[in-house]
Amino acid sequence: MTLVAGVDSSTQGTKIMVRRADTGELVRQAHAPHPDGTEIDPEIWWRAFLTASGNGLLDGVSAIGVAAQQHGMVALDGSGNVVRPALLWNDTRSAGAAADLTTELGGPGKWVDAVGLVPVASFTITKLRWLAEHEPERARQVERVLLPHDWLTWRLTGSGEPVTDRGDASGTGYFSPATGEYRTDLLRLAFGRDLETPRVAAPAEAGSGGDIPGLPRIDVVSPGTGDNMAAALGLEALPGDVVVSLGTSGTAFAVAENPTADPSGLVAGFADASGRYLPLVCTLNAARVLDAGAAMLGVDLEEFGALARSAAPGAGGLTFLPYLDGERTPNLPDATGRLDGMTRTNLNPADIARAFVEGMLCGLADAVDALAAQQVPVNRVLLIGGGARSAAVRAIAPQVFGRAVVVPEPGEYVADGAARQAAWALSGAPEPPVWAPARSAEVYEADPVPHIRERYAHARDALQAPLPA
């Protein structure tokens, strides 16, 4: 029995899934937490990986792949040492740098033509500009920039040559998914000079594992990828599938045959991990909105969900804008949450809980609509992530999306995608393996309630309207 392992190094923790290479059958798994925050010493990721890998988890594993949170900036000096804690995707301090870079190249259309996206604070390129402007002493030490999955894969291989994949590279702001090449001119624009970047490996290219004290040697290390690209692999998503993932962030993405170019900046035209494309819309606020709502009402998540389900659609006129950590889409890094339409009648726990769930889902419904506006086919919506485990979310989603919603059984799809990539690299086959049997799924039929989205759009647009002079 040949085994492969997939690693998901997320904002919240490291998860490792060990599966059979031929069928995908789960053999064993482990988890280790990460501290909360918007910057972190990458060594914490490595220690979490070693912790999760203990007790023989990786014994007999022939190949391993790493998927990790996108966009994080891991800045290294000439000796490969980390210069400063990695700035993560959810760090918004580079919002000003994003605006400056957009202007300097000539506007959003120029960026979309160059790299398929418009700079926002999440993207690596804006963090490099922030570093150059705000920490010049540290910036002078930097010789190479990696993404979180690049750095972890590099540690696993023990190689002198870091590699990345086209999926994760497409979220930096200095790589073109359409041409498959780095835009070193944009990297110089952001940082002021050249930096070394990892080689872009082929989707299933097999690297060699290194010797790691305390762990068994693994022969093959796949290129790895970003978390959203890995989730698409783990779900075995095909063109026409739109995946809505409710984790720390919220994402809506689709496997597409052709690249997208959205000058509005709503849709980032990423590549995927299989040779196709992965147009994606990301919000900063997803499952933690539910946590915040439950904490505000002084209940646990199960009771919070029951309260939300007990209220009528529309929450009695309450509308919640869930911008608790600022927002990426729409690009409102300094925004805060907002509860509109309060009356003595609707200020009750059930309507408040309902408004929190509806607000979170409305942001993702906007994301699905943005994909459709880019001619991305939306044949079905797959709802995954921690937030999808909420019965209230599953019940309310078809009312907000106005489409049928498919909820696959709960799973670690990012780590599974990394494992499937590892099996692909191990096999040398032209396509990734098909793992059977297919996971079971619940289907929730479309049940549109238009006034939920209408009120949300009114509140959202009012927030973005310029103040009078």
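Keep in mind the model is a prediction, meaning the values are calculated, not measured.

S.K.: What is the right way to read unusual backbone geometry from this model?
M.R.: A negative phi holds for most residues other than glycine; trans holds for most peptide bonds. A cis amide bond links Thr329 to the next residue, Pro330, at an omega of 0°. For Ala315, which is not glycine, the phi dihedral falls at a positive 55°. In this fold, Ala315 is placed in the loop between helix 11 (301–310) and strand 20 (319–321). Phi angles above zero are rare outside glycine, and Gln375 is one such case at about 60°.

S.K.: How should the pattern of salt bridges be read in this particular structure?
M.R.: Working definition: two side chains of opposite charge can pair if their charged atoms are close together. In the structure shown here, the tally under the stated rule is 33 salt bridges. The closest approach of N and O atoms between Arg144 and Glu196, which form a salt bridge, is 2.6 Å. Of this pair, Arg144 sits in strand 8 (residues 144–146) while Glu196 sits in the loop between helix 8 (184–191) and strand 12 (199–201); the two residues are 52 residues apart in sequence, bridging distant segments of the chain. You can call Arg144 buried: its relative accessible area is 18%. What makes Glu196 partly exposed here is its relative accessible area of 42%. One connected set of salt bridges, linked through shared partners, spans Glu39, Arg84, Asp91, Arg93, Glu135 and Arg138.

S.K.: Could you clarify how one ought to interpret the packing of aromatic side chains in this entry?
M.R.: The description of an aromatic ring pair rests on the distance of the ring centres and on the angle between the ring planes. If you walk through the whole model with that rule in mind, you get six aromatic pairs. Chaining the aromatic ring pairs together yields one cluster made of Tyr174, Phe175 and Tyr182. One cation-aromatic arrangement involves Arg93 over Trp130; the distance from NZ or CZ to the ring centre is 4.9 Å. Lying across the ring of Tyr277, Arg166 places its NZ or CZ 5.2 Å from the centre.

S.K.: Help me understand the sheet that holds strand 22 (residues 380–384), please; the structure alone is not making it clear to me.
M.R.: Sheet strands pair by backbone hydrogen bonding; their relative direction is either parallel or antiparallel. Overall, mixed pairing links the seven strands, which are arranged 18-19-17-16-22-23-24 in an open sheet. Looking along the sheet, the strands with just one partner apiece sit at the ends: strand 18 (268–271) and strand 24 (441–444). The average angle at which neighbouring strand axes cross in this sheet is 25°, direction not considered. Set on the sheet, helix 13 (residues 391–401) makes contact with strand 16 (241–246), strand 22, strand 23 (405–408) and strand 24; between it and strand 23 the angle comes to about 150°.

S.K.: Help me out: how do you make sense of the side chain of Asp262 in this one?
M.R.: Inspection of the secondary structure puts Asp262 in the loop between strand 17 (250–254) and strand 18. This buried residue, Asp262, is left without a salt bridge; Arg328 holds the nearest opposite charge, at 11 Å. A polar side-chain atom of Asp262 sits 2.7 Å from a polar atom in the side chain of Ser264. A polar side-chain atom of Asp262 sits 3.5 Å from a polar atom in the side chain of Gln374. Those residues in contact with Asp262, other than ones at most four positions away along the chain, are Val112, Val118, Val267 and Gln374.

S.K.: Explain helix 8 here, please?
M.R.: For an α-helix the count is 3.6 residues per turn, leaving residues at separations of three or four pointing the same way. Three or more residues of helix 8 are buried, namely Leu186, Leu187, Ala190 and Phe191. For helix 8, the arc enclosing every buried residue in end-on projection is 120°, short of the 170-degree limit, so these residues lie on one face. On its buried side, helix 8 packs onto helix 2 (95–105), helix 3 (108–115), helix 4 (124–134) and helix 5 (136–141). Downstream of helix 8 by one or two residues, Gly192 has phi in the positive range, about 95°.

S.K.: Looking at this structure, how should I read the state of the cysteines?
M.R.: By definition, a disulfide is the covalent link that joins the sulfur atoms of two cysteine residues. One pass over the structure, following the stated rule, counts zero disulfides. We note that Cys282 lacks a disulfide partner, and the nearest cysteine sulfur, in Cys362, lies 17 Å from it. Using a relative accessible area of 5% as the deciding quantity, one classes Cys282 as buried.

What counts as what
Residues numbered from 1 in each chain as written. Predicted model: local features only at pLDDT ≥ 70, side-chain atom pairs only at ≥ 80, totals over all residues. Heavy atoms only, no water. Helix = DSSP H or I, 4+ residues; strand = E, 2+ residues; numbered from the N terminus. Salt bridge = Lys/Arg side-chain N within 4 Å of Asp/Glu carboxyl O. Buried < 20%, exposed > 50% of the residue type's maximum accessible area, 1.4 Å probe, protein only. Phe/Tyr/Trp six-rings, centres within 6.5 Å; stacked < 30°, edge-to-face > 60°. Lys NZ or Arg CZ within 6 Å of the ring centre and 35° of its normal. Pairing = 2+ DSSP bridges. Axes fitted to C-alpha atoms, helices over the stretch in contact; angles between N-to-C directions. Contact = heavy atoms within 4.5 Å. Lys, Arg positive; Asp, Glu negative; His and termini not counted. Polar contact = N/O pair within 3.5 Å; in protein donor to acceptor, adjacent residues only side chain to side chain. Arc of directions from axis to C-beta. Disulfide = S-S within 2.5 Å.

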